[in-house]
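Residues per chain are reported as follows:
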Amino acid sequence: MAFIGIIADSKYEMQIKRVLESKLNSQNKEHTIIAINDKSIDNIKNIRFETILVMDLSKVEAASESLNELLKNVKYLAINADMESSLEVVNNKELNIITFGFNSKATIIASSVEENFIISVQRKIVDINKKTIEPQEIEIKIKEKRLANNSHNLMGVASILLIYGKSETFF
């Protein structure tokens, strides 16, 4: 069983969790998705997360020591590149980092947010199964209306699905 942590605004946390659970928990592979915030981080800092999705660092800013503890054993970190403090968190960490956002240097950016939501993978990503995802554009069909209203959330969820080799199941 793999643990995936989500650091996000509480109003989106459940939508992100629901989409990830529906897309990842298939073929007898279980992924436990856990919301991480200031209140929970001290209680879960010893869990070995395989992946952490960071949408909003302000949800754990009072617990930076516990966050560093969590990040010690993480294989993948998907992080919103548009946050001011996003790069400080990953300093001196040997992680597979996937950044996303509107920042042109991010690994995953939004190519189109009009009628169709299209992400652009800017650099190669080696997923959890050691398969390489080449730079490309991917259209995302959106069913979760509340999630669709936030481009960063869509790019974050897309990052996790790419990490787990689920790009064919986008929304």
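Here the structure is a predicted model, which means the values were calculated and not measured.

(A) Structural view of helix 3 (residues 64-71). Residues Ser66, Leu67, Leu70 and Leu71 constitute the buried set of helix 3. Buried positions in helix 3, seen along its axis, are confined to an arc of 140 degrees and lie on one side of it.

(B) Just the pattern of salt bridges, in detail. Under the defined criterion, the tally for this structure stands at two salt bridges. Notably, a salt bridge pairs lysine 72 with glutamate 69, separated by 3.4 Å at the nearest N-O pair. Judged by relative accessible area, which is 57%, lysine 72 ranks as exposed. For glutamate 69, a relative accessible area of 32% translates into the label partly exposed.

(C) Quick look at the sheet that holds strand 7 (residues 117-121). On the basis of which strands lie adjacent, the open sheet formed by eight strands has the order 2-1-3-4-5-6-7-10 and mixed pairing. Every other strand in the sheet has two partners, leaving strand 2 (31-35) and strand 10 (136-140) as the edge strands with one partner each. Adjacent strand axes in the sheet meet at a mean angle of 20 degrees, parallel and antiparallel pairs treated alike. Pairing of strand 3 (residues 51-54) with strand 4 (residues 76-80), which is carried by four bridges, proceeds in the parallel orientation. The residue of strand 4 that forms the bridge with leucine 53 is alanine 78. With respect to the sheet, helix 1 (residues 10-24) is in contact with strand 1 (2-7), strand 2 and strand 3, its orientation differing from that of strand 2 by roughly 175 degrees.

(D) Looking closely at helix 6 (residues 151-163). In a regular helix each residue adds 1.5 Å, so 13 residues correspond to 18 Å; helix 6 covers 18 Å between its end C-alpha atoms and thus fits that length. Buried within helix 6 we find Ser151, Asn153, Leu154, Met155, Gly156, Val157, Ala158, Ser159, Ile160, Leu161, Leu162 and Ile163. Looking one or two places after helix 6, you find glycine 165, whose phi comes out positive at around 70 degrees.

(E) Region of interest: the nonpolar core. Core analysis: the biggest nonpolar cluster contains 33 residues, and Ile16, Leu20, Ile119, Ile160 and Leu162 have the highest contact counts within it. For this core, the elements supplying multiple residues, two or more each, are strand 1, helix 1, strand 4, strand 5 (96-101), strand 6 (108-113), strand 7, strand 10 and helix 6. In terms of residue count, helix 6 provides more of this core than any other element does, eight residues in total. With 18 residues, the next largest nonpolar core counts Ile41, Phe49, Leu67 and Leu95 among its residues.

(F) Seen up close, the side chain of serine 159. Structurally, the position occupied by serine 159 is in helix 6. Sequence-distant contacts of serine 159, that is, excluding residues within four places in its chain, are made with Ala78, Ile98, Phe100 and Ile108.

(G) Representation of the packing of aromatic side chains. Counted according to the given criterion, the structure contains one aromatic pair. Judged by centre distance (6.5 Å) and plane angle (70 degrees), the rings of phenylalanine 3 and phenylalanine 49 are edge-to-face. Of this pair, phenylalanine 3 sits in strand 1 while phenylalanine 49 sits in the loop between helix 2 (41-44) and strand 3, placing them 46 residues apart in sequence. The exposure class assigned to phenylalanine 3 is partly exposed, which follows from its relative accessible area of 26%. A relative accessible area of 1% means that phenylalanine 49 is categorised as buried.

How each quantity is defined
Residues numbered from 1 in each chain as written. Predicted model: local features only at pLDDT ≥ 70, side-chain atom pairs only at ≥ 80, totals over all residues. Heavy atoms only, no water. Buried < 20%, exposed > 50% of the residue type's maximum accessible area, 1.4 Å probe, protein only. Helix = DSSP H or I, 4+ residues; strand = E, 2+ residues; numbered from the N terminus. Arc of directions from axis to C-beta. Salt bridge = Lys/Arg side-chain N within 4 Å of Asp/Glu carboxyl O. Pairing = 2+ DSSP bridges. Axes fitted to C-alpha atoms, helices over the stretch in contact; angles between N-to-C directions. Contact = heavy atoms within 4.5 Å. Expected span 1.5 Å × (residues − 1). Core = buried A, V, L, I, M, F, W, Y, C linked by side-chain atoms within 4.5 Å. Phe/Tyr/Trp six-rings, centres within 6.5 Å; stacked < 30°, edge-to-face > 60°.

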